[in-house]
There are 2 protein chains.
Amino acid sequence: MPDVEKTEHLTVGAWTKRCYFAGRALMDATLRPFDLGSTQWYVLWHLANQGPSVQRDLARALELERATLSGIVATLVRKGLVRQTSDGDDQRQRRLALTRSGENLWRELPDLSFIQQAAFAGIDEADLATTMRVLRAATERLQALLQKA
Amino acid sequence: MPDVEKTEHLTVGAWTKRCYFAGRALMDATLRPFDLGSTQWYVLWHLANQGPSVQRDLARALELERATLSGIVATLVRKGLVRQTSDGDDQRQRRLALTRSGENLWRELPDLSFIQQAAFAGIDEADLATTMRVLRAATERLQALLQKA
DNA sequence: CGATATTCGTACGGTAGCTGACGAATTCGA
DNA sequence: TCGAATTCGTCAGCTACCGTACGAATATCG
């Protein structure tokens, strides 16, 4: 939102937004042939690398609301990529795992690390670290402020 | 998405996401008493400060798709805050302007600059500039890559 | 002048987030 | 031990994005 910069506020906000959306769009474009959304990819990623997981834990790990994850999981189950069972000692919980076809799909998926690499290729290592630090600090301040409100 | 950092890619992507969402959440929380969403605020902001505008121009200025803006505008018109007329020489275009009640509401709205200020208070000016530069460069690379795909 | 291409706004469908409410299951306290 | 609080997953409803398709209006070109 370029014009907003004239107000001298929300400028970095505008760039975080642009950067976030650009990255996600590229992710989505890459995953489109596989009929996967970016968040669906994160779920598969976690299940493939961290193994089966209780839905609640997965939500915490991916920083999603339970309700949000619930919808994603429903989609993945419908596609036959993920299995949702309730075999634990706590009958409220649902355990998630990749199905055979989910594992097969995961093996076919391209490596997405090229996105991060392309985005920050040629950028000074120290500058990247600074950026991370600034964003982390800003996020923490914002979340703290949100807490109080 | 913290765990993702272990893959050593998408780490900055995760922070831009967190930062963007945290900022937007704070904006939404501040605007909630006025029953306004953050994008609705941007539209009012533009109309209040840049004056009436053709819908297409507004979409370009706010970096929104025409379809997206169309929905936002419909909501604002329904609330009686914005007037949508087609009085130009080009009968396809719709000219947008604040209504009287829209102007009144705008005057009542709090200044949102405290969000940006709070987020980056105490952060070194040079570091902030570096962050802006890195984000801008990354976004441009990502968009260029998206273009080709 | 008439056919074709473009542009504007809208409609529809999809993804990705959120909140709030709810039933079922579990835990905690008195 | 029994009632109250908490937790888990889901549902419904909202904002905010996207892409595609479409009708109407305009521009362009032969």
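Residues numbered from 1 in each chain as written. Chains lettered and ligands numbered in written order. Predicted model: local features only at pLDDT ≥ 70, side-chain atom pairs only at ≥ 80, totals over all residues. Heavy atoms only, no water.

Peer 1: For this particular structure, what's the right way to read the relation of the copies chain A and chain B?
Peer 2: The operation linking the two copies of the chain is a rotation about an axis combined with a translation along the axis. For the pair chain A and chain B, the superposition axis carries a translation of 0.0 Å, the fit reaches an RMSD of 0.1 Å, and the rotation angle comes to 180°. A rotation of that kind, with that shift, is consistent with a two-fold axis. A share of 100% of the interface residues of chain A reappears at the interface of chain B, consistent with the copies meeting face to face through the same patch. (Least-squares fit on C-alpha atoms with pLDDT ≥ 70 in both. Contact = heavy atoms within 4.5 Å.)

Peer 1: I'm lost on the protein's contact with DNA strand C in this one. Help?
Peer 2: Within the structure, DNA strand C sits among 25 residues, and A:Gln91, B:Lys17, B:Gln55, B:Arg66 and B:Arg92 are positioned closest to it. When atoms of DNA strand C within 4 Å of the protein are split into backbone and base, the sugar-phosphate part holds 72%. For DNA strand C, a phosphate oxygen lies 2.9 Å from a polar atom in the backbone of A:Ser38. Between DNA strand C and the protein, one listed contact pairs a phosphate oxygen with a side-chain N or O atom of A:Gln40 at 3.5 Å. Where the surface near DNA strand C is concerned, the elements lending two or more residues are α2 (38–50) and α4 (66–78) of chain A together with α3 (55–62) and α4 (66–78) of chain B. Looking at side-chain class alone, the surface near DNA strand C contains five nonpolar, ten polar and ten charged residues. (Near = heavy atom within 4 Å. Polar contact = N/O pair within 3.5 Å; in protein donor to acceptor, adjacent residues only side chain to side chain. Helix = DSSP H or I, 4+ residues; strand = E, 2+ residues; numbered from the N terminus. Nonpolar A, V, L, I, M, F, W, Y, C, P; charged D, E, K, R; others polar.)

Peer 1: Just to check I follow, could you spell out the packing of α2(A) against α4(A) for this structure?
Peer 2: Between two packed helices, both the angle of their axes relative to each other and the distance between the axes serve to describe the pair. Residue and element names in this part refer to chain A. Axis separation between α2 and α4 bottoms out at 10 Å; the angle between their running directions is 80°. One finds that α2 runs roughly perpendicular with respect to α4. Across the interface between the two elements, Thr39, Gln40, Val43 and Leu44 of α2 pack against Leu69, Ile72, Thr75 and Leu76 of α4. When grouped by side-chain class, the residues that make up the contact of α2 with α4 number five nonpolar, three polar and no charged. (Axes fitted to C-alpha atoms, helices over the stretch in contact; angles between N-to-C directions. Parallel < 35°, antiparallel > 145°, perpendicular 65-115°, else oblique.)

Peer 1: When you look at helix α3 (residues 55–62) of chain A in this model, what are you seeing that I'm missing?
Peer 2: An α-helical segment advances 3.6 residues per turn. Residues three or four places apart therefore align on the same side. All names here are of chain A. For α3, the set of buried residues is Gln55, Leu58, Ala59, Ala61 and Leu62. Viewed along the axis of α3, the buried residues span an arc of 165°, placing them on a single side of the element. Elements that come into contact with the buried residues of α3 comprise α2, β1 (53–54), α4, β2 (82–85) and β3 (95–98). Looking one or two residues past α3, Glu63 carries a phi angle of roughly 55°, positive in sign. (Buried < 20%, exposed > 50% of the residue type's maximum accessible area, 1.4 Å probe, protein only. Arc of directions from axis to C-beta.)

Peer 1: Quick question: what am I supposed to make of the sheet that holds strand β1 (residues 53–54) of chain B here?
Peer 2: Strands belonging to one sheet form pairs held by backbone hydrogen bonds; the direction of such a pair is parallel or antiparallel. Strand order across the open sheet formed by three strands is β1-β3-β2 (chain B), with antiparallel pairing between neighbours. Two strands close off the open sheet at either side, each with one partner strand: β1 and β2 (82–85) of chain B. (Pairing = 2+ DSSP bridges.)

Peer 1: What is the right way to read the sheet that holds β1(A) from this model?
Peer 2: All names here are of chain A. Taken in spatial order, the three strands line up as β1-β3-β2 in an open sheet, and their pairing is antiparallel. Two strands bound the open sheet, and with one partner strand each, they are β1 and β2. On the sheet, α2 packs against β1, β2 and β3 and is oriented at approximately 85° with respect to β3.

Peer 1: I would appreciate a short explanation of the protein's contact with DNA strand D in the present structure.
Peer 2: The environment of DNA strand D is made up of 26 residues, and the closest members are A:Gln55, A:Arg66, A:Arg92, B:Ser38 and B:Gln91. Each atom of DNA strand D within 4 Å of the protein belongs either to a base or to sugar and phosphate, the latter forming 73%. B:Thr39 is positioned with one of its side-chain polar atoms (N or O) 2.9 Å from a phosphate oxygen of DNA strand D. For DNA strand D, a phosphate oxygen lies 3.3 Å from a polar atom in the backbone of B:Glu65. Put simply, the parts of the chain that give the surface near DNA strand D at least two residues each are α3 and α4 of chain A together with α1 (11–31), α2 (38–50) and α4 of chain B.

Peer 1: Please clarify how the interface of chain A and chain B should be interpreted in this entry.
Peer 2: You'll often see interface size given as the accessible area lost when the parts meet. Tallying the contact residues gives 60 residues for chain A and 60 residues for chain B. Between chain A and chain B, roughly 6,100 Å² of surface is buried when both sides are summed, and carbon and sulfur atoms account for 74% of that area. Taken together, the connections running from chain A to chain B amount to four salt bridges. For the salt bridge of A:Arg18 with B:Glu63, the shortest nitrogen-to-oxygen distance reads 2.7 Å. Where chain A packs against chain B, one counts six residue pairs in polar contact (both at pLDDT 80 or more). Sorting the residues of the side of chain A that touches chain B by element identifies α1 (11–31), α2, α3, α6 (113–120) and α7 (125–148) of chain A as the ones contributing at least two each. Element by element, the count of residues in the side of chain A that touches chain B is highest for α7(A), at 17 residues. Residues of the side of chain A that touches chain B, tallied by class, amount to 37 nonpolar, 14 polar and nine charged. (Buried area = accessible area lost by both parts, 1.4 Å probe. Salt bridge = Lys/Arg side-chain N within 4 Å of Asp/Glu carboxyl O.)

Remember that the coordinates give geometry; whether it matters functionally is a separate question.
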